[in-house]
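# Report on the structure
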Amino acid sequence: MTGECVWFEGIPFPSMECPLEHLREVQENFIIKDEDVLLLTYPKSGTNWLMETVCLIHSKGDPKWIQSVPIAERSPWVEAFSGYNLLKDKEGPRFITSHLPVQLFPRSFFKSKAKMIYLIRNPRDVLVSGYFFWRSAKFVKRPQSLEQYFEWFVKGNVPFGSWFDHTQGWMSMRDKENFLILSYEEMKWDTRSTVEKICQFLGQTLEPEELNSVLKNSSFQVMKENNMSNFSLLKGQYFEENGLLLRKGIIGDWKNYFTVAQAEIFDKLFQEKMADLPQELFPWE
Ligand SMILES: Nc1ncnc2c1ncn2[C@@H]1O[C@H](COP(=O)(O)O)[C@@H](OP(=O)(O)O)[C@H]1O
Ligand SMILES: CCc1ccc(OS(=O)(=O)O)cc1
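Residues numbered from 1 in each chain as written. Chains lettered and ligands numbered in written order. Predicted model: local features only at pLDDT ≥ 70, side-chain atom pairs only at ≥ 80, totals over all residues. Heavy atoms only, no water.

Spelled out, the test is: UniProt positions are given in the numbering used here, feature names are shortened, and annotations may be inferred rather than shown by experiment.
If you check an unreviewed UniProt entry, the chain appears there as Sulfotransferase from Moschus moschiferus. Per its UniProt entry, the chain bears the Sequence similarities (unreviewed entry) comment "Belongs to the sulfotransferase 1 family."

Rendered as structure tokens:
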């Protein structure tokens, strides 16, 4: 194990980019503007795919921006020290990414009209994706086995805390007109319709060939080869290995890893924790 997490309000955060004083500063003093677009996810839900898609929609399918500027500079993570510094002086509409749970998000946001997209994914696939990702990261407590990570995940003892609490928290915004919920699964099943939905939400129109270019340039294979988007620039400082962000990009990989007992524990937990939300919100269930 290298880095440990820092704990803020009962939740573990990556130690390197999210020191305690910084998380407090973000919550209390960062100003969200009405024209901002917020990309909100629990880690490993397809955050970077959504970022790439939104950037390409913004550039009307022209890949120049995504091929020349690192993804973390195009839509910085506000809770990351470096992201915050990029964002705070930026003029005009901003894309802002965040894994923060709703109760720790900048307070100014509750009074703003900023558009928010909350992307969810089957937590079982989130768990497996997270295991392979965090075990190579230098800035969190690394799991030694999937069995260990499963135990941590169901207790919420993983970076950014409990998936269940994160999802419950942000879902409380779901009746707001500036809040769009998407799922990784619908993005995979019908990427074109999902991109059209995002365009409509953002008030952006695309010509058919522009839409085709968005789809092509945000595809798994093209993103995997784009060094501005595949985290290869972070190898060394943040990660031991390359290729962990765009690992498989499929639905249902958890079935290759969970034991029968783990699948049963997870089903029970999901039912207990999410029973009060409409089940149509979770297309994988
Ligand atoms: N263009 C794309 N198409 C499909 N899946 C993508 C994708 N870009 C990233 N992903 C998947 O999203 C997950 C990473 O999520 P995040 O960006 O939130 O960290 C990874 O899942 P897997 O580890 O299951 O492959 C990754 O493969
Ligand atoms: C803010 C720190 C952080 C942690 C993990 C990240 O990767 S991913 O979004 O989960 O792929 C990015 C930033």
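### Topic: the packing of helix 8 (residues 163-171) against helix 13 (residues 260-274)
Just so we agree on the cut-off: Here the axes come from fitting lines to C-alpha atoms, over the contacting stretch only for helices, and the angles between their N-to-C directions go from 0 to 180 degrees. We count a stretch as a helix when DSSP gives it H or I for four or more residues in a row; a strand needs E for two or more, and each element gets its number in order from the N terminus. Should an angle fall under 35 degrees it is taken as roughly parallel, and over 145 as roughly antiparallel, whereas 65 to 115 is taken as roughly perpendicular and any remaining angle as oblique. The crossing is said to be left-handed when, going from far helix to near helix, the turn is anticlockwise and less than a right angle, and right-handed when the turn is clockwise. Residue contacts are defined here by distance: any two heavy atoms, one from each residue, within 4.5 Å place the two residues in contact. For this scheme, ten residues count as nonpolar: Ala, Val, Leu, Ile, Met, Phe, Trp, Tyr, Cys and Pro. Four count as charged, namely Asp, Glu, Lys and Arg, and the remainder, Gly too, count as polar.
Direction vectors running N to C along helix 8 and helix 13 enclose 30 degrees, while the axes themselves pass 11 Å from each other. Considering the angle they form, helix 8 stands roughly parallel to helix 13. The handedness of the crossing between helix 8 and helix 13 comes out as right-handed. Each of Trp163, Phe164, Thr167 and Gln168 in helix 8 lies in contact with helix 13, whose residues at this interface are Phe266, Leu269, Phe270, Lys273 and Met274. Residues belonging to the contact of helix 8 with helix 13 are distributed by class as follows: six nonpolar, two polar and one charged.

### With respect to the site of ligand 2
Which entries qualify depends on this criterion: Working definition: residue near molecule or strand if any one of its non-hydrogen atoms lies within 4 Å of it. Throughout this description, a polar contact denotes any pair of N or O atoms lying within 3.5 Å of each other; where both atoms belong to protein, one of them has to be capable of donating a hydrogen while the other can accept it, and for residues adjacent in sequence the pair is counted only when both atoms sit in side chains. To be clear on the numbers: accessible area is Shrake-Rupley with a 1.4 Å probe, and residue cover counts the displayed protein chains and nothing else.
The immediate surroundings of ligand 2 are formed by Pro43, Lys44, Asn48, Trp77, Glu79, Ala80, His99, Phe133, Trp134, Phe231 and Leu245. Between ligand 2 and Lys44 there is a distance of 3.4 Å, counted from an oxygen atom to a side-chain nitrogen or oxygen. In the environment of ligand 2, an oxygen atom lies 2.7 Å from a nitrogen or oxygen atom belonging to the side chain of His99. Out of a free accessible area of 350 Å², ligand 2 has 93% covered by protein chains. Here the residues of the shell around ligand 2 are counted per class, giving seven nonpolar, two polar and two charged.

### Looking at the UniProt feature "domain: Sulfotransferase" (unreviewed entry) in the chain
In the numbering used here, UniProt assigns the "domain: Sulfotransferase" (unreviewed entry) feature to residues 34-277. Annotation note: span residues 34-277, helix share 45%, strand share 8%, distance between end C-alpha atoms 28 Å.

### Side note on helix 13
Given 3.6 residues per turn, any residue in an α-helix points the same way as the ones three and four places further on. Put simply, the test is: Multiply 1.5 Å by the residue count of a helix minus one, and that product is the helix's expected span.
In this model helix 13 runs 21 Å from its N-terminal to its C-terminal C-alpha over 15 residues, within 8% of the 21 Å that 1.5 Å per residue would give. Residues of helix 13 that are buried sit in contact with helix 6 (123-134), helix 7 (146-155) and helix 8.

### Focus: the site of ligand 1
Near ligand 1 lie 18 residues; those nearest to it are Lys44, Thr47, Ser129, Lys248 and Gly249. The contact in question runs from a nitrogen atom of ligand 1 to an N or O atom on the side chain of Trp49, over 3.4 Å. Between ligand 1 and the protein, one listed contact pairs a nitrogen atom with a backbone N or O atom of Ser218 at 2.9 Å. Within the complex, the protein chains bury 98% of what would otherwise be the 560 Å² of accessible surface of ligand 1. When residues in the shell around ligand 1 are grouped by element, the largest group, three residues, is from helix 2 (residues 47-58). Grouping the constituent residues of the shell around ligand 1 by class yields six nonpolar, eight polar and four charged.

### Considerations on the nonpolar core
Formally: Nonpolar core, defined: a set of buried Ala, Val, Leu, Ile, Met, Phe, Trp, Tyr and Cys residues in which side-chain atoms within 4.5 Å join the residues together. Whether a residue is buried, partly exposed or exposed follows from its accessible area with a 1.4 Å probe, protein chains only, as a fraction of its type maximum: under 20%, in between, or over 50%, in that order.
Ranked by size, the top nonpolar core spans 97 residues in total, and within it Phe13, Trp163, Trp170 and Phe282 carry the most contacts. Beyond its immediate stretch of four places on either side in the chain, Phe282 contacts Ile120, Trp163, Thr167, Met171, Phe270, Met274 and Leu277.

### Digging into the pairing of strand 3 (residues 37-41)
Regular strands have side chains that alternate between both faces of the sheet. Let me state the cut-off plainly: Paired strands, in this sense, are two strands between which DSSP finds at least two bridges.
Most of strand 3 sits out of view: five of its five residues are buried. Neither face of strand 3 is exposed, since Val37, Leu39 and Thr41 on one face and Leu38 and Leu40 on the opposite face are all buried. As paired strands, strand 3 and strand 4 (residues 95-98) are joined by four bridges and run parallel to one another. Of the residues in strand 4, the one forming a bridge with Leu39 is Thr97.

### With respect to the pattern of salt bridges
Close approach of charged atoms lets side chains of opposite charge pair. How we decide: The working definition used for a salt bridge is a side-chain nitrogen of Lys or Arg within 4 Å of a carboxyl oxygen of Asp or Glu.
Counted by the stated rule, this structure contains 11 salt bridges. The salt bridge involving Lys64 is made with Asp62; its shortest N-O contact spans 3.1 Å. For Lys64, a relative accessible area of 57% gives the class exposed. Judged by its relative accessible area of 29%, Asp62 falls in the partly exposed class. Put simply, Arg142 and Glu240 hold a salt bridge, and the shortest N to O gap is 2.8 Å. With Arg142 in the loop between helix 6 and helix 7 and Glu240 in the loop between helix 12 (220-225) and helix 13, this pair connects stretches of sequence that are 98 residues apart. Judged by relative accessible area, which is 13%, Arg142 ranks as buried. Of the residues examined, Glu240 reaches a relative accessible area of 39% and is grouped as partly exposed. Among the charged side chains, a salt-bridge network with shared partners connects Arg124, Asp267 and Glu285.

### Observations regarding helix 7
When we look at burial in helix 7, the residues that qualify are Leu146, Tyr149, Phe150, Trp152, Phe153 and Val154. Its buried side turned inward, helix 7 meets helix 6, helix 8 and helix 13. Just downstream of helix 7, Gly156 is the residue with a positive phi angle, here 80 degrees.

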